[in-house]
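# Architecture at a glance
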Amino acid sequence: AKQLVNEGYRVVVTTSSIANIKDFPKLHNLFVTDYLPGDKISRKVDLTVCHGGYGTLIDSINAGVPVVSVPYNPDQALHGLRMQ
């Protein structure tokens, strides 16, 4: 997230229970929260970078947003391959 912000992008991060919000730096173009409604946020972004969960993929596809999937579980890898 920090690298993307340093490159000039506005970055939205949702952590769920995977990361602690307090571990992220306080940066002007970085918004970090534990949860956002996927169907709504997907309509406001230009790109989704995610772990490849089915819900996030479907929300992004329905919004016409390209996805970069970085899976960490086998099912997420399979979702990414199917969605490709």
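First, a word on what this report is: a plain description of the structure on this page. Owing to the predicted nature of the structure, the values given are computational and were not obtained by experimental measurement.

Before going further, it helps to examine a nonpolar patch on the surface. Judged by side-chain polarity, Leu47, Val49, Val68 and Val70 come together as a nonpolar surface patch covering roughly 340 Å² of accessible area. Tracing the backbone shows Val70 in the loop between β4 (67-69) and α4 (74-83).

This paragraph deals with the pairing of strand β1 (residues 11-14). Covered by surrounding structure in β1 are Val11 and Val13 only, the residues Val12 and Thr14 on the alternate face being uncovered. Across 4 bridges, β1 lies against strand β2 (residues 30-33) in parallel orientation. If you follow Val11 over to β2, its bridge partner there is Leu30.

Once that is clear, we can look at α4. All buried positions along α4 are accounted for by Gln76, His79 and Gly80. Buried residues along α4 cover an arc of 95 degrees about the axis, so they all sit on one side. In this structure, α4 carries Pro74, Leu81 and Arg82 as exposed residues pointing more than 90 degrees from its buried face.

This paragraph deals with the pattern of salt bridges. For the structure on display, the rule yields 1 salt bridge. The shortest N-O distance in the salt bridge between Arg43 and Asp39 comes to 3.9 Å. Judged by relative accessible area, which is 59%, Arg43 ranks as exposed. Relative accessible area serves as the criterion here: at 41%, Asp39 is assigned to the partly exposed category.

The next subject is the side chain of Ser60. Note on placement: Ser60 falls in helix α3 (residues 54-62). Owing to a relative accessible area of 1%, Ser60 belongs among the buried residues under this scheme. For Ser60, the residues in contact, after removing those within four places along its chain, are Ser42, Thr48, Val65 and Val67.

Once that is clear, we can look at the environment of Ser17. Here Ser17 lies in the loop between β1 and β2. Take Ser17: its relative accessible area is 70%, and that puts it in the exposed class. In the structure, Ser17 is positioned 17 residues away from Asp34 in sequence and 7.2 Å away in space, judged by C-alpha atoms.

It is the contact of α3 with α4, at a shortest axis distance of 10 Å, that shows an interaxial angle of 20 degrees. With respect to α4, the axis of α3 lies roughly parallel. Both α3 and α4 take part in a crossing whose hand is right-handed. For the pair α3 and α4, contact is made by Tyr54, Leu57, Ile58 and Ile61 and by His79, Gly80 and Met83, respectively. Looking at the contact of α3 with α4, its residues break down into 5 nonpolar, 2 polar and no charged.

Conventions adopted
- Residues numbered from 1 in each chain as written.
- Predicted model: local features only at pLDDT ≥ 70, side-chain atom pairs only at ≥ 80, totals over all residues.
- Heavy atoms only, no water.
- Patch = residues over 30% accessible without salt bridge, like charges linked within 9 Å, V, L, I, M, F, W, Y side chains within 5 Å.
- Areas by Shrake-Rupley, 256 points an atom, 1.4 Å probe, with all protein chains shown as cover.
- Salt bridge = Lys/Arg side-chain N within 4 Å of Asp/Glu carboxyl O.
- Helix = DSSP H or I, 4+ residues; strand = E, 2+ residues; numbered from the N terminus.
- Buried < 20%, exposed > 50% of the residue type's maximum accessible area, 1.4 Å probe, protein only.
- Pairing = 2+ DSSP bridges.
- Arc of directions from axis to C-beta.
- Contact = heavy atoms within 4.5 Å.
- Axes fitted to C-alpha atoms, helices over the stretch in contact; angles between N-to-C directions.
- Parallel < 35°, antiparallel > 145°, perpendicular 65-115°, else oblique.
- Left-handed = near helix turned anticlockwise from the far one by under 90°.
- Nonpolar A, V, L, I, M, F, W, Y, C, P; charged D, E, K, R; others polar.

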